Amino acid sequence: MTARRKRHLLDLDFWVASMRKSLEERAGRRRWRSFIRRVLARVGDGDALPLEHDPSALRCLWRLGLASIGAAAQKEVASLVRRASEASASPPVEVTLLVRCFASGCYGFLDKGVCSDTPECTSCPFALFCRYASARGSPELPPSESFSARLALGALGALGVPELLALIISGGRSEMKAFRTAEKLLSKAASLRSLATWTVKEFESVGGVTHEAALRLRSALDLAVYWAVEPRPPGARFSQARDFVKYYGPRLRDLQAEYFIVALLDNKNRLVGEVVTGGGGLSGATVDPKVVLKRAVRDAAAHVAFLHNHPSGDPTPSPEDLDITARLVQVCALAGVRVIDHVIIGGDAYTSMSESGYI
Ligand code: SF4
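Residues numbered from 1 in each chain as written. Predicted model: local features only at pLDDT ≥ 70, side-chain atom pairs only at ≥ 80, totals over all residues. Heavy atoms only, no water.

Asker: Can you explain the packing of aromatic side chains? Please cite residues and give values.
Answerer: Considering all chains together, one arrives at 11 aromatic pairs under this definition. Aromatic side chains Trp198 and Phe203 sit 5.5 Å apart centroid to centroid with 50 degrees between the ring planes, which places their arrangement in the tilted category. Trp198 gets classed as buried once you look at its relative accessible area, which sits at 10%. Grouping aromatic residues by their ring pairs yields a cluster made of Phe14, Phe102, Phe126 and Phe129. (Phe/Tyr/Trp six-rings, centres within 6.5 Å; stacked < 30°, edge-to-face > 60°. Buried < 20%, exposed > 50% of the residue type's maximum accessible area, 1.4 Å probe, protein only.)

Asker: For the pattern of salt bridges, give the residues involved together with the corresponding values.
Answerer: Pairing of side chains with opposite charge becomes possible as their charged atoms draw close. Inspection of the entire model under this criterion finds 15 salt bridges. The salt bridge involving Asp299 is made with Arg295; its shortest N-O contact spans 3.0 Å. Since its relative accessible area comes to 17%, Asp299 is described here as buried. The salt bridge partner of Arg298 is Asp299, with a shortest N-O separation of 3.0 Å. The class for Arg298 is exposed, based on a relative accessible area of 62%. (Salt bridge = Lys/Arg side-chain N within 4 Å of Asp/Glu carboxyl O.)

Structure (structure tokens):
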């Protein structure tokens, strides 16, 4: 029996009851029931939580063959909720809530759903009916269900993280083979954020990733960093440490070696240039006060700010950090350049030496 045929056997009563059971097991039966009671008391028994605009829910329905991705989804989902509600004698709002929580968790209640970006197919009651789960073991997806075909439909969230990585790795060749490689990458890195710090060599060290695929992965992830950097309108000023963190944080926070950035500013604290050094420890060898001074003079900078990252994630300044900062402040003062801050970024946290009174 093919995966397509099996999907047609998914009974809506079984579907609703199994989602409920799964979520009760995940959240705890009493907790889940009291959650549902609270929601029902708030919204009544109407269909107050439409699924059509929830990309994760739509993706889960698509995986189960219960809805398509694209323009037809809206009608299909409305009718599906109505039929499932009748078949299971559950209010439509409970059906929609079950789908949402099953697909992506419930904000503030359940962190992660079963059928999320990284679906837990081995503990899913629908694995037998699911085109995604059956595709995992098959050599290739049918063309109409390929990752590229789904992406081309332009629906937000049509593909999850492993599927998007697979498209980048495959370079137009076997998507399912690339999908298995993408899963390997994600499980080795433990998260997308950690994968984003990998070098081309690290990508290549995983079986199935060619040099070309490693370059594509690195450039896609670098693009994401540029996208995440808050664009600064021309003439915008850096008036506090938080401004530096917003601009430089995405570039520095996940790096696995220490990097040091000198932001060269005019007398109104507008960026006029930048010096980036690093890849090693923070020492006189990587931050040469003479180089900083030379660039400050060349770019006619009146002020400078320093930023560097702590790969450990702890932004507390080390004695070495305090020492190099004091030397930089001294050297810059000789040339009339004012050091306005030295910001240390450790993961999502930071320390501003100016705000902490070190400068
Ligand atoms: S088998 Fe996996 S992909 Fe399919 S519905 Fe279940 S969790 Fe989602």
